[in-house]
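Coordinate inspection notes
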Amino acid sequence: MTPLVAPQKASRRCPLPLTDALQVPIERRLEAIYDILQQTYPTFDQTDDPWMTNGLSSTPFRCLVSVCLSTMTITPRVVKACVPLFARVSTFEQLLALDDDELKAIIKPVAHYNRKTVNLKIMCRQILYTYQGRIPDTRDELMKLQGVGRKVADIMMNFIFHEDTIAVDTHILRLLNRLRVVQTDSAEHAADLINALTLKRHKRHAHEWLIQHGMKTCHARSAACGQCCIATLCPSSISQTD
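This text gives an overview of the structure that appears in the document. Quantities reported herein were computed from a predicted structural model and do not represent experimental measurements.

Definitions and cut-offs
- Residues numbered from 1 in each chain as written.
- Predicted model: local features only at pLDDT ≥ 70, side-chain atom pairs only at ≥ 80, totals over all residues.
- Heavy atoms only, no water.
- Helix = DSSP H or I, 4+ residues; strand = E, 2+ residues; numbered from the N terminus.
- Contact = heavy atoms within 4.5 Å.
- Areas by Shrake-Rupley, 256 points an atom, 1.4 Å probe, with all protein chains shown as cover.
- Phe/Tyr/Trp six-rings, centres within 6.5 Å; stacked < 30°, edge-to-face > 60°.
- Buried < 20%, exposed > 50% of the residue type's maximum accessible area, 1.4 Å probe, protein only.
- Salt bridge = Lys/Arg side-chain N within 4 Å of Asp/Glu carboxyl O.
- Core = buried A, V, L, I, M, F, W, Y, C linked by side-chain atoms within 4.5 Å.
- Axes fitted to C-alpha atoms, helices over the stretch in contact; angles between N-to-C directions.
- Left-handed = near helix turned anticlockwise from the far one by under 90°.
- Nonpolar A, V, L, I, M, F, W, Y, C, P; charged D, E, K, R; others polar.

**Section: the overall build of the protein**
Scanning the protein from N- to C-terminus turns up 14 helices and zero strands. Along the protein, from the amino end to the carboxyl end, the secondary structure elements read α-α-α-α-α-α-α-α-α-α-α-α-α-α. Here the contacts in the protein between residues at least 6 apart in sequence split such that 66% fall between residues at least 24 apart. A total accessible area of about 11600 Å² is found for the protein, and carbon and sulfur atoms account for 50% of it.

**Re the packing of aromatic side chains**
Applying the stated criterion across every chain yields a total of four aromatic pairs. Between the aromatic rings of tyrosine 34 and tryptophan 209, the centroid separation amounts to 6.3 Å while the plane-to-plane angle is 55°, which identifies the pairing as tilted. Separated by 175 residues along the polypeptide, tyrosine 34 in helix α2 (residues 26-40) and tryptophan 209 in helix α13 (residues 200-216) bring together distant segments of the chain. Exposure class is identical for tyrosine 34 and tryptophan 209. Each is buried. These aromatic residues form a ring-pair network of at least three members: Phe61, Phe86 and Phe92.

**Looking at the pattern of salt bridges**
Enumeration according to the criterion identifies eleven salt bridges in this entry. When the shortest N-O distance is used, the salt bridge between glutamate 163 and arginine 139 registers 3.7 Å. You can see glutamate 163 sitting in the loop between α10 (150-159) and α11 (170-178) and its partner arginine 139 sitting in helix α9 (residues 139-142), a full 24 residues away along the chain. With its nearest N and O atoms 2.9 Å apart, the salt bridge here joins lysine 144 to glutamate 141. A relative accessible area of 52% means that lysine 144 is categorised as exposed. Bridged by salt links that share partners, the residues Arg139, Arg150, Asp154, Glu163 and Asp192 form one connected network.

**Observations regarding the nonpolar core**
Membership of the largest hydrophobic core comes to 41 residues, with the highest contact counts inside it found for Leu64, Leu85, Phe92, Leu95, Met123 and Val148. Looking at this core, the elements that each hand over two or more residues are α4 (60-70), α5 (75-88), α6 (92-97), α7 (100-106), α8 (113-130) and α10. Looking at which element gives the most residues to this core, the answer is α4, with seven residues. Ignoring any residue separated from it by four or fewer positions in sequence, one finds leucine 64 in contact with Phe92, Met123, Ile127, Ile135, Leu145, Val148, Val152 and Met156.

**A closer look at the packing of α4 against α5**
Viewed as axis vectors pointing N to C, α4 and α5 meet at an angle of 145°, and their least axial separation amounts to 10 Å. Our pair here, α4 against α5, has a crossing hand that is right-handed. Residues Phe61, Arg62, Val65, Ser66, Leu69 and Ser70 of α4 form the contact with α5, whose participating residues are Val78, Cys82, Leu85 and Phe86. Tallied by class, the residues present in the contact of α4 with α5 amount to seven nonpolar, two polar and one charged.

**Here's the deal with the environment of valine 152**
Along the chain, the position of valine 152 falls in helix α10. On a C-alpha basis, the gap between valine 152 and aspartate 169 in space is 9.4 Å, while along the polypeptide they are 17 residues apart. Among all residues touching valine 152, those that are not within four sequence positions of it are Leu64, Val67, Cys68 and Thr71.

**Section: α10**
Helical periodicity: at 3.6 residues per turn, an α-helix aligns residues three or four positions apart in one direction. Summarising burial for α10: eight of the ten residues are buried, a large majority. Taken together, the buried positions of α10 are occupied by Arg150, Val152, Ala153, Asp154, Ile155, Met156, Met157 and Asn158. On the buried face of α10, the contacting elements are α4, α9, α12 (187-197) and α13.

Read these as geometric descriptors, not functional statements.
So, in structure tokens, the structure goes:
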């Protein structure tokens, strides 16, 4: 789930002086980061992004299928695949019954559509025959499904099963490393760390704030540090401007 919206102007800057920002405990710095991001970015349900307006997460079935298709794929292509798919199917039974070649043709806009066709069919069988037609509601059980990794499981836990948790994708992993909140190349390890460090009051929407900042400001090739609302809390930004 990666709605793209323009960042709003933050109503206030970091409450910590630049010279002190990196001397405080990481938990306090992270709280300050969240407080600013919360004022800068809307939550997904406040956007008019195509992911939301096309109902890609409007049901548990749609959410699971959409997020599985979204791996390694930008949102517009996921929407292009999911809109016609959900016009044809609304249950795991219907998805399983759909001809493989037809499914491939429908989801062709997403990356690795051949492999994802196979994964979706296996996942449908698992849900129908192992879980009696119900999507498992724990992270460990979700990750037993074909094509479901930690990120997909965490998104389902947060947005469908209402367990406050932070899913980490490539954008969030990059941002957290630049902030020195984590120092790891593993998204799963980063997820463990950021969930342990984040206060409960921020967990529900942290994924939404972090991913928007990573996509709109903290770009992979060239971060827009000059326009960054949390630059005074970022060691990477400080080192670039010294």
